[in-house]
Amino acid sequence: PSLARAPTRVSPQHVIRSGDELTHTVHRHEPAAAVAPASGPVIVITSETDDVLAVDKPSTLPVHPCGGYHHNSLFEVIGDTL
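Nothing here was measured: the structure is a model prediction, and the numbers come from that model.

Conventions adopted
- Residues numbered from 1 in each chain as written.
- Predicted model: local features only at pLDDT ≥ 70, side-chain atom pairs only at ≥ 80, totals over all residues.
- Heavy atoms only, no water.
- Core = buried A, V, L, I, M, F, W, Y, C linked by side-chain atoms within 4.5 Å.
- Buried < 20%, exposed > 50% of the residue type's maximum accessible area, 1.4 Å probe, protein only.
- Contact = heavy atoms within 4.5 Å.
- Pairing = 2+ DSSP bridges.
- Helix = DSSP H or I, 4+ residues; strand = E, 2+ residues; numbered from the N terminus.

Run through the nonpolar core, naming residues and quoting values.
If you look at the biggest cluster of nonpolar residues, it comprises five residues: Ala33, Ile43, Leu61, Leu74 and Ile78. Not counting the four nearest positions on each side in its chain, Ile43 is found in contact with Val55, Asp56, Lys57, Leu61, Leu74, Val77 and Ile78.

Lay out the pairing of strand S5 (residues 53–56) with the relevant residues and their values.
Of the pairings in the sheet, the one linking strand S4 (residues 44–48) to S5 comprises four bridges and is antiparallel in character. Looking at S5, one finds that Ile45 is bridged to Val55. Linking S4 to S5, which pair antiparallel, is a turn of four residues.

So, the side chain of Asp20: which residues are in play, and what are the values?
Secondary-structure assignment places Asp20 in the loop between strand S2 (8–9) and strand S3 (22–25). Under the relative-accessibility criterion, Asp20 is labelled buried at 19%.

Have a look at this one:
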């Protein structure tokens, strides 16, 4: 992690003053969801109506973005394909 006083990076000893704009940047890698089957699709649509979409998915794939998963989730995968 690093602390910046826009637009430049500052040291941890920097004294914050009124009017300073601060940003905090952390580079993280999203963990992979363990969803690689030997064969066949990872997600199977089992039923679909105007209101409900039922799927068979690996238990390790989160349904919605949460915790460390922002892209590797069912919502993101379905959204990319529909």
